[in-house]
Amino acid sequence: MLEVNGLVTSYGLIKALRNVSLQAEKGKLTCILGPNGAGKSTLLFTIAGILKSDMGSIKFLNKELSKIKTSEIVKEGLVLVPENRLVFPHLSVSENLLAGAYSRFGKKNEVEEDLESMYKRFPILKERYLQEAGTLSGGEQQMLAVARALMARPKLLLMDEPSVGLAPKIVNTIFEIIKTLSDEGISIVLVEQNAVKASAIADHIYLLDQGEITFSGTPDQIEDNDIIKRAYLGDISES
Ligand SMILES: Nc1ncnc2c1ncn2[C@@H]1O[C@H](COP(=O)(O)OP(=O)(O)OP(=O)(O)O)[C@@H](O)[C@H]1O
Ligand SMILES: [Mg+2]
């Protein structure tokens, strides 16, 4: 569904991605693990068209994305849930959700149906629909960020560290939500540092380190590979 080949992205003279290649299959949960500064957000920004690559190709449903605008990429069905939620803080919950559907402007009935289905999926958002998004708790903001992305009816959801900075109980809830979405057949690329939780739900795992893919395999293959396990999952896998 998504095929990234030889991607290079730089900030000035610094190469944040060096020759990154990966694939994400339809209906699968593909996870990219890596430490701080590995280039995870850079990778998702490049795929979503927010950053331009120096080299390489990004094919989504056989269409080359590296030359088209972010708004067009969203219309193709590729939607990013950014790091640190980034909801619109001064808009209400319902306004944030409607903003997520901007690419489907004109399909009012369909958008209203989706709004109702988000409220069913995330009852807390229904309770809070008039509240300013910036005053929601961290976990509620993350649910809103996911729901806002779903309002675009994505074919592939890109999620950037959805569990970061949340209390353990809320982290579990967020991972349950991701697992449910995946079980429903939504294709997902999940970027995480929580290796244990991510491995438990992922179909395929890539390790990204200093801008390079250093491992590609199933969660079982990581378990079986002591060197990879110790070098890249280290203490994280104990937590
Ligand atoms: N706007 C920028 N200007 C210059 N360098 C940047 C910029 N954004 C990121 N970088 C650098 O690019 C590298 C990759 O950063 P990136 O944010 O993609 O990492 P990450 O894997 O998402 O890290 P984290 O887990 O902390 O979110 C880092 O060395 C970072 O300092
Ligand atoms: Mg990041």
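Student: When you look at the site of ligand 1 in this model, what are you seeing that I'm missing?
Tutor: Close to ligand 1 lie 13 residues; Tyr11, Asn36, Lys40, Ser41 and Thr42 are nearest. Broken down by secondary-structure element, the contributors of at least two residues to the shell around ligand 1 are β2 (14-24) and α1 (40-47). Sort the elements by how many residues they give to the shell around ligand 1 and α1 lands first, with three residues. Residues belonging to the shell around ligand 1 are distributed by class as follows: four nonpolar, seven polar and two charged.

Student: Is there a simple way to explain the sheet that holds strand β5 (residues 63-64) in this structure?
Tutor: Pairing between the strands of a sheet is mediated by backbone hydrogen bonds and can be parallel or antiparallel. If you trace the four strands from one edge of the open sheet to the other, you get β2-β1-β4-β5, paired in antiparallel fashion. Each edge of the open sheet carries a strand with a single partner, namely β2 and β5. Relative to β2, strand β1 (residues 2-11) runs antiparallel, the two sharing seven bridges. For valine 4, the partnering residue across the bridge sits in β2 and is leucine 22.

Student: What should I look at first to understand the nonpolar core in this one?
Tutor: For soluble globular proteins, the rule of thumb is that nonpolar side chains tend to be buried together. Residues Leu144, Ala147, Leu158 and Leu190 are the most contacted members of the largest nonpolar core, which totals 62 residues. In contact with leucine 144, not counting residues within four places along its chain, are Val87, Val93, Asn96, Leu125, Ala133 and Leu136.

Student: So what exactly am I meant to see when it comes to the confidence of the model for the chain here?
Tutor: Detailed conclusions should not be drawn from predicted coordinates in areas where pLDDT is low. Taken over all residues, the pLDDT of the chain has a mean of 91, while the share at 70 or more is 96%. Here residues 235-239 is modelled with pLDDT under 50, and outside its nearest four sequence neighbours on either side it reaches seven contacts, counting other chains as well.

Student: Just to check I follow, could you spell out the packing of helix α3 (residues 93-100) against helix α6 (residues 138-150) for this structure?
Tutor: Interaxial distance between α3 and α6 falls to 7 Å at its minimum, and their mutual angle equals 35°. For the pair α3 and α6, the crossing hand works out as right-handed. Facing α3, whose interface residues are Val93, Asn96, Leu97, Ala99 and Gly100, α6 presents Leu144, Ala147, Arg148 and Ala149. When its residues are assigned to classes, the contact of α3 with α6 shows six nonpolar, two polar and one charged.

Student: I tried to follow unusual backbone geometry on my own but got confused; where do I start?
Tutor: Most of the time, phi is negative for any residue but glycine, and the peptide bond is trans. Of note, the phi angle at asparagine 62 is positive, near 65°, even though the residue is not glycine. Overall, the presence of 7 C-beta atoms within 10 Å leaves asparagine 62 in the exposed class. In the Ramachandran plot, leucine 86 falls in the positive-phi region, its phi being about 55° despite a non-glycine side chain. Along the chain, leucine 86 falls in the loop between β6 (78-81) and α3. Residue leucine 86 is classed as partly exposed on the basis of its 13 C-beta neighbours within 10 Å.

Student: Which parts of the structure should I look at to understand the environment of glycine 37?
Tutor: Inspection of the secondary structure puts glycine 37 in the loop between β3 (29-33) and α1. Classification of glycine 37 by C-beta neighbours within 10 Å gives exposed; the count is 12. On a C-alpha basis, the gap between glycine 37 and isoleucine 50 in space is 18 Å, while along the polypeptide they are 13 residues apart.

Student: I would appreciate a short explanation of the sheet that holds strand β10 (residues 212-217) in the present structure.
Tutor: Strand order in this open sheet of six strands is β6-β7-β8-β3-β9-β10, and the pairing throughout is mixed. Two strands lie at the open edges of the sheet, namely β6 and β10, each paired on one side alone. When the angles between neighbouring strand axes are averaged without regard to direction, this sheet yields 20°. In terms of strand pairing, β3 meets strand β8 (residues 187-192) through five bridges, oriented parallel. Of the residues in β8, the one forming a bridge with cysteine 31 is leucine 190. Most of the contacts of α1 go to strand β7 (residues 156-160), to which it runs at about 150°, and overall it touches β3, β6, β7, β8 and β9 (204-209).

Here is what the cut-offs are and how they apply
Residues numbered from 1 in each chain as written. Chains lettered and ligands numbered in written order. Predicted model: local features only at pLDDT ≥ 70, side-chain atom pairs only at ≥ 80, totals over all residues. Near = placed C-beta within 6 Å. Helix = DSSP H or I, 4+ residues; strand = E, 2+ residues; numbered from the N terminus. Nonpolar A, V, L, I, M, F, W, Y, C, P; charged D, E, K, R; others polar. Pairing = 2+ DSSP bridges. Core = buried A, V, L, I, M, F, W, Y, C linked by C-beta atoms within 7 Å. Buried ≥ 20, exposed ≤ 12 C-beta atoms within 10 Å, placed from the backbone. Contact = placed C-beta atoms within 7 Å. pLDDT = per-residue confidence, 0-100. Axes fitted to C-alpha atoms, helices over the stretch in contact; angles between N-to-C directions. Left-handed = near helix turned anticlockwise from the far one by under 90°.

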